[in-house]
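# Coordinate inspection notes
So the chains spell out like this:
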Amino acid sequence: DAKTTQPTSMDCAEGRAANLPCNHSTISGNEYVYWYRQIHSQGPQYIIHGLKNNETNEMASLIITEDRKSSTLILPHATLRDTAVYYCIVRAAGGGNKLTFGTGTQLKVEL
Amino acid sequence: EAGVAQSPRYKIIEKRQSVAFWCNPISGHATLYWYQQILGQGPKLLIQFQNNGVVDDSQLPKDRFSAERLKGVDSTLKIQPAKLEDSAVYLCASTTPQDASAFFGQGTRLTVV
């Protein structure tokens, strides 16, 4: 699996958009970009994934650059409950493939 | 839909003792993972099952860790004997070949003293 690079930590004001970047310059053509988050004392939770088109769901939006070497997860209106570690993972298609986690980005949403 | 169930939630043991963790995946999920998460790090895959067969156990310390998934449903992870460096959260996850996402349990926090 390709490696990813994320900032160690970020802060965001409540109600503002949180933009979390991820670099994955060695991503292969069949690898998807996945985002998970882990709230303190809980297991990781799936957020969103994409191949090359931008994606949006009820939780977030995923913007992938045209060359697919980087992506940004956008939480449009961050709340205190969005405080968590956010993991960007590249993974081959198929639910049977493993997830390889890095150290992620600690997002702190503040009043 | 019930989530991935893990027990116990917390466990404290002395070094050289044995411990076992249990995982009940989401019904119908053929793929099951065990991850180890040391404080401050991301989860690390220990073993992956497809039904009751092992797909990947390359990072499982086989001299002290073992896992099984009899009947392709529930799974247990055992450590014997435990070391101080085994203190971590042990996470279980499950998915199907068609799912894009894996579903994680809350984990078992192990402290070895």
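Above: the structure in question.
Figured I'd write up the structure that's included with this text. The numbering scheme is per chain: residues are counted from 1 as the chain's sequence reads. Written order decides the labels, with chains lettered from A and ligands numbered from 1. For this predicted model, a pLDDT threshold of at least 70 governs which residues receive local features, and a threshold of 80 or more governs which side-chain atom pairs are given and counted, while totals over whole chains, interfaces and linings are taken from all residues. For side-chain calculations, the full set of non-hydrogen atoms in the structure is used, while hydrogens and water are omitted.

### Observations concerning the pattern of salt bridges
In plain terms, the rule: A pairing counts as a salt bridge when a side-chain nitrogen of Lys or Arg comes within 4 Å of a carboxyl oxygen of Asp or Glu. Put simply, DSSP H or I for four residues or longer makes a helix, DSSP E for two residues or longer makes a strand, and each gets a number counted from the N terminus. Throughout this description, buried means an accessible area under 20% of the type-specific maximum (1.4 Å probe, protein chains only), exposed means over 50%, and partly exposed covers the range between.
Across all of its chains, the model carries five salt bridges over all chains by this definition. The partner of Asp-56 of chain B in a salt bridge is Lys-98 of chain A, with the nearest N and O atoms 3.3 Å apart. Taken together, the positions of Asp-56 of chain B in strand β6 (residues 53–56) and Lys-98 of chain A in the loop between β8 (84–92) and β9 (105–110) put the pair across two chains. Taking the shortest distance from any N to any O, the salt bridge between Lys-108 of chain A and Glu-110 of chain A comes out at 3.6 Å. Taking the relative accessible area as the measure of exposure, Glu-110 of chain A reaches 34% and is therefore partly exposed.

### Details of the packing of aromatic side chains
Residues and elements named next belong to chain B. The following threshold applies: By convention, a stacked pair of Phe, Tyr or Trp rings (six-membered ring in the case of Trp) has centres within 6.5 Å and planes under 30 degrees apart, an edge-to-face pair has planes over 60 apart, and any other such pair is tilted.
Taken as a whole and judged by the stated rule, the model has twelve aromatic pairs over all chains. Both rings, one in Phe-21 and one in Tyr-90, keep their centres 4.9 Å apart while their planes meet at 25°; by these two values the pair is stacked. Of this pair, Phe-21 sits in strand β3 (residues 19–24) while Tyr-90 is found in strand β9 (residues 88–95), placing the two residues 69 residues apart along the sequence. On the basis of relative accessible area, Phe-21 is assigned to the buried category, the value being 1%.

### Quick look at the side chain of Arg-68 of chain A
Residues and elements named next belong to chain A. Stated precisely, the cut-off is as follows: Charged residues are defined here as Lys and Arg on the positive side and Asp and Glu on the negative side; His and the ends of the chain fall outside this count. The contact criterion used is simple: two residues touch if any of their non-hydrogen atoms lie within 4.5 Å.
Note that Arg-68 resides in the loop between β6 (61–64) and β7 (70–75). As a buried residue without a salt bridge, Arg-68 has its nearest oppositely charged side chain in Glu-31, at a separation of 6.1 Å. Not counting chain neighbours up to four residues away, the residues in contact with Arg-68 comprise His-24, Ile-27, Ser-28, Gly-29, Glu-31, Leu-51 and Lys-52.

### Some words on the state of the cysteines
Note on terminology: disulfide describes a covalent bond linking the sulfur atoms of two cysteines. To keep it simple, the criterion reads: Put simply, a disulfide is two cysteine sulfurs that come within 2.5 Å.
Under the criterion given, the structure shown has two disulfides over all chains. Each disulfide pairs two cysteine sulfurs, and for Cys-22 of chain A the partner residue is Cys-88 of chain A, the sulfurs being separated by 2.1 Å. Taking the sign of the S-S torsion, about -80° here, the bridge from Cys-22 of chain A to Cys-88 of chain A comes out left-handed. You can see Cys-22 of chain A sitting in strand β2 (residues 18–23) and its partner Cys-88 of chain A sitting in strand β8, a full 66 residues away along the chain. Overall, Cys-22 of chain A belongs to the buried group, its relative accessible area being 1%. Residue pairing for Cys-23 of chain B: its cysteine sulfur links by disulfide to Cys-92 of chain B, the two sulfurs lying 1.9 Å apart. Judged by the sign of its S-S torsion, about -70°, the bond between Cys-23 of chain B and Cys-92 of chain B is left-handed. Placement of the pair is Cys-23 of chain B in strand β3 and Cys-92 of chain B in strand β9, with a sequence separation of 69 residues. Using a relative accessible area of 0% as the deciding quantity, one classes Cys-92 of chain B as buried.

### Here's the deal with the layout of surface pockets
Heads up, the condition is: In this analysis, the protein atoms alone were mapped onto a 1 Å grid. Cavities are point sets where a 1.4 Å probe fits without being able to get out; pockets are open sets with protein on both sides within 12 Å along at least five of seven lines; lining residues have an atom within 4 Å of a point. Grid points are joined across faces, edges and corners, and a volume is the space filled by probe spheres set on the points. Side-chain classes are defined by residue name, with Ala, Val, Leu, Ile, Met, Phe, Trp, Tyr, Cys and Pro counting as nonpolar, Asp, Glu, Lys and Arg as charged, and the others, Gly among them, as polar.
For the largest pocket, the calculated volume is near 550 Å³. Forming the walls of the largest pocket are 28 residues, and the residues nearest its centre are His-40 and Ser-41 of chain A together with Gln-37, Leu-39 and Arg-109 of chain B. Those elements giving two or more residues to the lining of the largest pocket turn out to be β8 of chain A together with β9 and β11 (108–112) of chain B. Per-element tally for the lining of the largest pocket: the top contributor is β11 of chain B, with four residues. In terms of residue class, the lining of the largest pocket is made up of eleven nonpolar, 15 polar and two charged. In this structure, the second largest pocket spans a volume of roughly 290 Å³. Forming the walls of the second largest pocket are 16 residues, and the residues nearest its centre are Pro-44, Gln-45 and Tyr-46 of chain A together with Phe-103 and Phe-104 of chain B. Those elements that provide at least two residues to the lining of the second largest pocket are β4 (45–50) of chain A together with β10 (103–104) of chain B. Partitioning the lining of the second largest pocket into residue classes produces eight nonpolar, six polar and two charged.

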